[in-house]
Number of protein chains: 2
Amino acid sequence: MKLKKIGTFESCFKELFGIPRQSSLAPSVQGKIILSPPFDRKEMISDLDKFSHIWVIFGFHAIKNNHFRTTVRPPRLGGNKKVGVFATRSPYRPNPIGISLLKIIKVQKKEKEISILVSGQDILDQTPVYDIKPYLPSVDCEPKANGGWTDEVPINNEPSIQFSTESIQNIQKFFPEKEKQLSFQKIIKETLALDPRPGHQRGQMEYKTYGFRLLDFDILWSTENNNFSVEKVFKIGSNNL
Amino acid sequence: MKLKKIGTFESCFKELFGIPRQSSLAPSVQGKIILSPPFDRKEMISDLDKFSHIWVIFGFHAIKNNHFRTTVRPPRLGGNKKVGVFATRSPYRPNPIGISLLKIIKVQKKEKEISILVSGQDILDQTPVYDIKPYLPSVDCEPKANGGWTDEVPINNEPSIQFSTESIQNIQKFFPEKEKQLSFQKIIKETLALDPRPGHQRGQMEYKTYGFRLLDFDILWSTENNNFSVEKVFKIGSNNL
């Protein structure tokens, strides 16, 4: 079957590294689905604003279609244990399609743009969207379901996260308003709390630095023992890097 | 994006009419996903048996790809009210892909067939399957989500359902074992309890007969007031019809 793109996802995540591994894990992170022609018609999303959540079916467009794996080493299992690809949500699957449960913030029907503002997203910027379906709690929610190997590891073994004085000064420079400074810090915190390091590097105690891209910024952060520190925040393309 | 079929769904539902409109609404109904080559490898479903539920992403293969609608009249709203197609799970969508939450009964790894037995299914026989993903209750379950227009109508305004003496005799003839008779009756009951009539015919009080196909049988049933009656059960292709 051939899928037509019905929209494009605008996200603060500009690269794969750093993206929360499931939606709803970073509730502050917002994104926007912009419907593409010929599907940018307001009738098509009529009554969608009465739902609180949607399923978004999208393509893992940064993954090459023919690069699927039969087994995967989930980062949450430390990268040591193999499980079948169909027992994971890994993007390296026969058909690189993903589903994400997102919270609707606002359905926007402007003259030139039909879009849905969402939060809790885990989707890369410019991701093609293939379908939007309402979340039906009466049939989609199974609180007693068994989460298999994902039950073995708690999601929140949160590391301590500090911001260096320099990183705070960087953020203050880029965002003059106090409110925006705090929400930018919150997004960074939620993203780091999920420990975006590759599975095999988790639990390593020595000092190491990493970077990830968020909106138009590169975030330089370091780990030592189980303490994370945001070191510097650069504007992409500036000479500071 | 082009989707490759990874498996085929074997179901007791041989035609669209009569299929429960959401999975999990007819918990007795079983089905089987048989993996297709080159994806029929037991590594690919390793550890899947530790989960209790899966998402199945499938194609609405009985719906023509170019027959999407911008708005839909959901049967549950009596067929009078229009809502945007993206605010429904209707199969008449730009990309005819569906998602169903199914309960795993058994993951079977035989030499010549890798398959997953499931229950609670709402999928047509011979449906192409494009992906299988584990259900993660920690991120997929939002009990407080707002179900939009679907909250307006309760799912279970169950009609009374009787079996005629003739239909019971038919069933006894086809299924000598008492246990199978009862489970066949249960599937019929669960299917009818969801009122498979077209929306605009619901609530009609006069006597009317309908048929639907289940496994290799045609079920003839009638409605009058809010009472449903199973009249006859025919084997498909027999001279009784």
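Every chain begins its residue count from 1, and numbering advances along the sequence as written. Written order determines the labels here, with chains lettered from A and ligands numbered from 1. Only residues with pLDDT of at least 70 are given local features in this predicted model, and only at 80 or more are side-chain atom pairs given and counted; all residues enter the totals for whole chains, interfaces and linings. Water and hydrogen atoms play no part in the side-chain values, which are based on all heavy atoms of the structure.

Further remarks concern the overall build of chain A. Helix and strand counts for chain A come out as three helices and 12 strands. Across the 241 residues in chain A, those meeting the buried criterion constitute 54%. Pairs at least 24 residues apart make up 68% of the contacts formed inside chain A by residues separated by at least 6 positions. Computed by Shrake-Rupley with a 1.4 Å probe, the accessible areas treat only the displayed protein chains as cover when residues are assessed. Of the roughly 11000 Å² that chain A leaves accessible, carbon and sulfur atoms contribute 48%. Comment: elements are numbered from the N terminus, with helices defined as DSSP H or I runs of at least four residues and strands as E runs of at least two. With a 1.4 Å probe rolled over the protein chains alone, any residue whose accessible area is under 20% of its type maximum counts as buried; one over 50% counts as exposed, and the rest are partly exposed. Contact between two residues is taken to exist if any of their heavy atoms lie within 4.5 Å; hydrogens are not considered.

In this section: the pairing of strand β6 (residues 97-109) of chain A. A regular strand places its side chains so that they alternate between the two faces of the sheet. All names here are of chain A. Pairing between two strands requires that DSSP report at least two bridges joining them. Note that strand β3 (residues 53-59) and β6 share seven bridges and pair antiparallel. Each residue of the ladder has a partner; that of W55, found in β6, is L101. Here β6 runs beside strand β7 (residues 114-119); their pairing, made up of six bridges, is antiparallel. Within β7, the position partnered with Q108 by the bridge is S115. A loop of four residues connects β6 with β7, the two strands running antiparallel in sequence.

Residues and elements named next belong to chain B. Only one rule defines a salt bridge in this text: a Lys or Arg side-chain nitrogen within 4 Å of an Asp or Glu carboxyl oxygen. Scanning all chains against the criterion turns up 16 salt bridges over all chains. Among the ionic pairs, D47 bridges to K50, the shortest N-O distance being 2.4 Å. For D47, a relative accessible area of 11% gives the class buried. Given the relative accessible area of 40%, K50 is considered partly exposed.

When the copies are superposed, the least-squares fit draws on C-alpha atoms of residues that have pLDDT of at least 70 in both. It takes a turn of 180° to lay chain B on chain A, together with a shift of 0.0 Å along the axis; the resulting RMSD is 0.1 Å. Here the two chains are linked by the operation of a two-fold rotation axis.

Glancing now at the sheet that holds strand β6 (residues 97-109) of chain B. Hydrogen bonds between backbone atoms are what pair the strands of a sheet, whose relative direction is either parallel or antiparallel. Within the closed barrel, the six strands sit side by side as β1-β2-β7-β6-β3-β8 (chain B). Their pairing is antiparallel. Adjacent strand axes in the sheet meet at a mean angle of 45° when their direction is disregarded. Orientation is described by lines fitted to C-alpha atoms, with helices fitted over the stretch in contact, and by angles between N-to-C directions that extend from 0 to 180 degrees.

Throughout this description, disulfide means a covalent bond between two cysteine sulfur atoms. Throughout, disulfides are identified as pairs of cysteine sulfur atoms within 2.5 Å of each other. All told, the structure shown has one disulfide over all chains when counted by the stated rule. The disulfide partner of C141(A) is C141(B), and the gap between their sulfur atoms is 1.9 Å. Note that C141(A) is positioned in the loop between α1 (137-140) and β9 (160-163) and C141(B) in the loop between α1 (137-140) and β9 (160-163), a pairing that runs across two chains. With respect to class, C141(A) is no different from C141(B); both count as buried.

This next bit is on the interface of chain B and chain A. At the junction of the two partners, chain B supplies 67 residues and chain A supplies 67 residues. Approximately 6300 Å² of surface area, both sides summed, lies buried where chain B meets chain A, with 62% of it carried by carbon and sulfur atoms. One can count six salt bridges joining chain B with chain A. Within 3.5 Å is the distance limit for a polar contact, defined as a pair of N or O atoms, with the added protein rule that one can donate a hydrogen and the other accept it, and that residues adjacent in sequence qualify only through two side-chain atoms. Viewed at the interface, chain A and chain B are joined by 34 residue pairs in polar contact (both at pLDDT 80 or more). Where the side of chain B that touches chain A is concerned, the elements lending two or more residues are β3 (53-59), β5 (83-84), β6, β8 (127-134) and α1 of chain B. The greatest single-element share of the side of chain B that touches chain A, amounting to five residues, is contributed by β8(B). The nonpolar class holds Ala, Val, Leu, Ile, Met, Phe, Trp, Tyr, Cys and Pro. Asp, Glu, Lys and Arg form the charged class, and all remaining residues, Gly among them, are polar. Grouping the constituent residues of the side of chain B that touches chain A by class yields 34 nonpolar, 19 polar and 14 charged. Two parts placed together each lose some accessible area under a 1.4 Å probe, and adding up what both lose gives the buried area.

Glancing now at the confidence of the model for chain A. The predicted coordinates should not be examined in detail at positions where pLDDT is low. pLDDT is a per-residue confidence score from the predictor, ranging from 0 to 100. The share of residues in chain A with pLDDT of 70 or more is 88%, and the mean pLDDT across the chain is 85. Summarising per-element confidence for chain A, the mean pLDDT is lowest in helix α3 (residues 178-193) of chain A (84) and highest in strand β8 (residues 127-134) of chain A (97).

The residue S119(A) is located in strand β7 in this model. Residue S119(A) is classed as buried on the basis of its relative accessible area, which comes to 10%.

Residue and element names in this part refer to chain A. Taken together, the four strands give an open sheet; going across it, the order is β9-β12-β11-β10, and neighbouring strands pair in mixed fashion. With one partner strand each, in any of the chains shown, β9 and β10 (208-214) form the two edges of the open sheet. Neighbour-to-neighbour, the strand axes of the sheet open up by a mean angle of 30°, direction not taken into account. Bridge analysis of strand β11 (residues 217-224) against strand β12 (residues 227-235) gives eight bridges, and the strand direction is antiparallel. Directly across from S222, in β12, lies its bridge partner S229. Packed onto the sheet, helix α2 (residues 165-174) meets β9, β11 and β12 and runs at close to 35° relative to β12. Across the sheet, α3 is in contact with β9, β10, β11 and β12; its angle to β9 comes to roughly 145°.

The next subject is unusual backbone geometry. Note on backbone geometry: most residues besides glycine have negative phi, and most peptide bonds are trans. All names here are of chain A. The omega torsion of the bond from P37 to P38 falls at 0°, within 30 degrees of zero and hence cis. Even without a glycine there, the phi angle at D47 is positive, about 75°. Mapped onto the fold, D47 is located in the loop between β2 (30-35) and β3.

All right, on to the pairing of β8(B) then. Residues and elements named next belong to chain B. Counting buried positions along β8 gives eight out of eight residues, so the element sits mostly inside the fold. As paired strands, strand β1 (residues 7-11) and β8 are joined by three bridges and run antiparallel to one another. The residue of β8 that forms the bridge with F9 is T127. Of the pairings in the sheet, the one linking β3 to β8 comprises five bridges and is antiparallel in character.

The next point concerns the packing of aromatic side chains. Any pair of aromatic rings gets described here by the distance separating the centres and the angle formed by the planes. Side-chain rings of Phe, Tyr and Trp (the six-membered ring for Trp) are treated as a pair once their centres are within 6.5 Å; stacked means planes under 30 degrees apart, edge-to-face means over 60, and tilted covers the remaining angles. Across all of its chains, the model carries 19 aromatic pairs over all chains by this definition. Measuring from ring centre to ring centre gives 5.0 Å for Y210(A) and W221(A), while their planes differ by 25°; the resulting arrangement is stacked. Placement of the pair is Y210(A) in strand β10 and W221(A) in strand β11, with a sequence separation of 11 residues. W221(A) matches Y210(A) in its accessibility class, with the two residues each being buried. These aromatic residues form a ring-pair network of at least three members: W55(A), Y135(A), W55(B) and Y135(B). To sit over a ring, a charge needs its Lys NZ or Arg CZ within 6 Å of the ring centre and within 35 degrees of the ring normal. Just above the ring of Y92(A) sits the side chain of R69(A); from NZ or CZ to the centre is 3.8 Å. A cation over a ring is seen here: K208(B) above Y210(B), with NZ or CZ 5.5 Å from the ring centre.

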